[in-house]
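# Observations on chain architecture
Below are the chains, spelled out letter by letter.
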Amino acid sequence: MERDHTSKIVGMVWGLLILNTLGSAGAKTIIPLPRSLIQMVTMGALVAAFALALTVNLRLRIRASAFLFLLTLLLGLSVISSANLESGFGALFRCARLALFVGTLWLLSRWWDGDLAFVRHHIRMYLAVLGSVAAGLIASPGAALPDLYGGRLVGALWPLTPPQIGQYAAVIIGLTVLLVLGRRTDRTSAVVVIVPSLVLLALTHTRTATLGLLIGLALAIGSLVLTSAAARRFFTWAVLCATVAAVGFGSLLQTWFLRGQSQENFSSLTGRAKVWSALLAAPRTTSEHLFGVGLGDKSFGGLPIDNSWLAVYNEQGVVGVSLVAAIIIVLGGVALLRPPSLSRACAIFLISYCAIASYTEAGLGDASPYLLHLAVAASLLAAPASATPLSTPVAPRRRVPRWAQRSEMS
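So, how was this worked out
Residues numbered from 1 in each chain as written. Predicted model: local features only at pLDDT ≥ 70, side-chain atom pairs only at ≥ 80, totals over all residues. Heavy atoms only, no water. Helix = DSSP H or I, 4+ residues; strand = E, 2+ residues; numbered from the N terminus. Buried < 20%, exposed > 50% of the residue type's maximum accessible area, 1.4 Å probe, protein only. Contact = heavy atoms within 4.5 Å. Areas by Shrake-Rupley, 256 points an atom, 1.4 Å probe, with all protein chains shown as cover. Axes fitted to C-alpha atoms, helices over the stretch in contact; angles between N-to-C directions. Parallel < 35°, antiparallel > 145°, perpendicular 65-115°, else oblique. Left-handed = near helix turned anticlockwise from the far one by under 90°. Nonpolar A, V, L, I, M, F, W, Y, C, P; charged D, E, K, R; others polar. Expected span 1.5 Å × (residues − 1). Phe/Tyr/Trp six-rings, centres within 6.5 Å; stacked < 30°, edge-to-face > 60°. Salt bridge = Lys/Arg side-chain N within 4 Å of Asp/Glu carboxyl O. Core = buried A, V, L, I, M, F, W, Y, C linked by side-chain atoms within 4.5 Å. pLDDT = per-residue confidence, 0-100. Lys, Arg positive; Asp, Glu negative; His and termini not counted. Bend = angle between axes of the 7 residues up to and from the residue. Polar contact = N/O pair within 3.5 Å; in protein donor to acceptor, adjacent residues only side chain to side chain.

### Observations concerning the overall build of the protein
Scanning the protein from N- to C-terminus turns up 18 helices and two strands. When burial is assessed residue by residue, the protein has 45% of its 410 residues classed as buried. The contacts of the protein with a sequence gap of at least 6 include a subset with a gap of at least 24, amounting to 76%. Summed over its atoms, the accessible surface of the protein is roughly 20,800 Å², and 67% of this surface lies on carbon and sulfur atoms.

Shown next, in the form of structure tokens:
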């Protein structure tokens, strides 16, 4: 009973972390929400998550984790790079947020034992977020598909951008497919999750999320092919359906993929390449090159960077890029060394998805959904906690009177 109660609290903590990483910038909502109010809610969620995690782990029992160790080093680097206030006092605020975020993950690491508990928490919470998106679409289609975003789906109840919605949909679709293949959920529940999420993903027209889903699933299922007949059947049918779709609906898929953009705009990645070139060409001091300018809003010259590696380079320098690369390499290396299993497949999917999305999305260097995805992967790759052997009770020694000792000696 106590274990179920603790599991519920851990799930609540995970949900609060997800709420914190939803952000405060995005489309206009049906009911206008002041940004200050949204920021207060998201920061309050992080403080509540840390407090709840502390209540269920008062003895501060944590598990050794290379992922969290590297993340802690990244936090220390962020504090150093932000201390000169080159990015303003907001950099210190973001460092405090990252510290609470990392601290909460350390407290939760006690329950990282290679099972699928955090996968289920992840799916439930992001499904709730997508539920709010669907509710906004039903309540006000015009607000949910605004012309400002080219008719792409946005959050009409909570300010969410198309890439965010696409990311959440792709991640829970991939994880749910893997749970079905591993027979850890029934097909009815899977359909309830996958079908609506696919519809929302299609409405966002998010190419990065779609490619991340397809490639991530291919790698994850490929890791199961030798040990799972269900994975082999799914892989065969997926290849067959993809071939038929490419032949029969090639022009339609191309139209969806281009989103009405010109060839020039598409080749420049919707203007991202220009921002990247300007960022790399900007003069930097040795300190800025090594440690960056401090945590910011992931923009350069007033435009979003939309690349995790360049955003980390700008804010945490080449040292930060090295730490983030080490996180991906360590998690990927551990996943490859693990024997085939469903937990390993889910971890491979999450790691590969984050690696693919990092090219056109920022977030690997700060508190973000991408770090939560990698945290779930780290929990899946953790070795199961060994059961503590029951110690044999030591019988108390009886005091022998002196007269008895003398009689024994005689």
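### Thoughts on the packing of helix 3 (residues 66-82) against helix 4 (residues 90-108)
With their axes 10 Å apart at the nearest point, helix 3 and helix 4 run at an angle of 165 degrees to one another. The orientation of helix 3 with respect to helix 4, classified from their angle, is roughly antiparallel. In this structure, helix 3 meets helix 4 at a crossing whose hand is left-handed. Every residue of helix 4 that contacts helix 3 at Leu 68, Phe 69, Leu 71, Thr 72, Leu 75, Ser 78, Val 79 and Ser 82 is listed here: Ala 91, Leu 92, Cys 95, Leu 98, Ala 99, Val 102, Leu 105 and Trp 106. For the contact of helix 3 with helix 4, the residue count by class is 13 nonpolar, three polar and no charged.

### Considerations on helix 9 (residues 207-222)
If you check helix 9, its first and last C-alpha atoms are 22 Å apart, about what 16 residues at 1.5 Å a residue would give, namely 22 Å. Within the sequence span of helix 9, burial applies to Arg 207, Thr 208, Ala 209, Thr 210, Gly 212, Leu 213, Gly 216, Leu 217, Ala 220 and Ile 221.

### Let's talk about the packing of aromatic side chains
Here the structure, examined in full by the defined rule, presents four aromatic pairs. When the centroid spacing of 5.4 Å and the interplanar angle of 70 degrees are considered together, the rings of Trp 276 and Tyr 359 count as edge-to-face. Taken together, the residues span a long stretch of sequence, with Trp 276 in helix 13 (residues 272-281) and Tyr 359 in the loop between helix 16 (342-357) and helix 17 (369-381) at a distance of 83 residues.

### What about the side chain of Asn 57?
With respect to the helices and strands, Asn 57 occurs in the loop between helix 2 (35-55) and helix 3. Accessibility expressed as a relative area gives 0% for Asn 57, which makes it buried. Aside from chain neighbours lying at most four places away, what touches Asn 57 is Leu 107, Arg 110 and Trp 111.

### Some points on the environment of Val 41
The residue Val 41 is located in helix 2 in this model. When the C-alpha atoms of Val 41 and Leu 16 are compared, they prove to be 10.0 Å apart, with 25 residues separating the residues in sequence. Sequence-distant contacts of Val 41, that is, excluding residues within four places in its chain, are made with Leu 19 and Trp 158.

### Quick look at the pattern of salt bridges
This model, assessed by the stated rule, comprises three salt bridges. A salt bridge links Asp 366 to Lys 298, with the shortest nitrogen-to-oxygen separation between them at 3.1 Å. With Asp 366 in the loop between helix 16 and helix 17 and Lys 298 in the loop between helix 14 (286-291) and strand 1 (299-300), this pair connects stretches of sequence that are 68 residues apart. A relative accessible area of 4% means that Asp 366 is categorised as buried. Ionic contacts of the salt-bridge type, sharing partners, join the residues Lys 298, Glu 315 and Asp 366 into one network.

### Focus: the nonpolar core
Side chains of nonpolar character tend, in soluble globular proteins, to be buried together. Ranked by size, the top nonpolar core spans 101 residues in total, and within it Trp 14, Phe 67 and Leu 374 carry the most contacts. Broken down by element, this core gets its largest block of residues, twelve residues, from helix 7 (residues 162-181). Counting residues in each nonpolar core, the second largest holds six residues, with Trp 276, Leu 279, Ile 305 and Leu 310 among its members.

### A few points about the confidence of the model for the protein
Predicted coordinates in areas of low pLDDT are best not read in detail. Here the protein averages 87 in pLDDT, and 88% of its residues register 70 or above. Segment residues 387-395: pLDDT under 50, and zero contacts once partners within four positions in sequence are set aside and those in other chains are kept.

### Quick look at the packing of helix 5 (residues 117-139) against helix 7
Following both chains from N to C, one finds helix 5 and helix 7 inclined at 135 degrees, their axes separated by 9 Å at the closest point. Relative to helix 7, the element helix 5 lies oblique. Both helix 5 and helix 7 take part in a crossing whose hand is left-handed. In contact with Val 119, Arg 120, His 122, Ile 123, Tyr 126, Leu 127, Val 129, Leu 130 and Val 133 of helix 5, helix 7 contributes Ile 165, Tyr 168, Ala 169, Val 171, Ile 172, Leu 175, Thr 176 and Leu 179. Partitioned by chemical class, the residues of the contact of helix 5 with helix 7 number 14 nonpolar, two polar and one charged.

### Quick notes on the side chain of Glu 361
Following the sequence through the fold, Glu 361 ends up in the loop between helix 16 and helix 17. No salt bridge forms around the buried Glu 361; measuring N to O, its nearest opposite-charge neighbour Arg 272 is 4.2 Å away. Once residues lying within four places of it in the same chain are set aside, the contact partners of Glu 361 are Pro 163, Arg 272, Asp 306, Asn 307, Ser 308 and Tyr 370.

### Section: the environment of Arg 35
With respect to the helices and strands, the residue Arg 35 is situated in helix 2. Spatially, the C-alpha atom of Arg 35 lies 9.7 Å from that of Gly 23, the residues being twelve residues apart in sequence. With sequence-adjacent residues up to four places away left out, Arg 35 is seen in contact with Ser 24 and Ala 25.

### Brief notes about helix 15 (residues 308-337)
Under the 1.5 Å per step criterion, the end-to-end length of helix 15 is only 26 Å for 30 residues, more than 12% shorter than the ideal 44 Å. Within helix 15, the axis deviates most sharply at Gln 316, by approximately 130 degrees. Capping the start of helix 15 is the job of one residue whose side-chain oxygen sits 2.9 Å from the backbone nitrogen of Trp 309: Asn 307.

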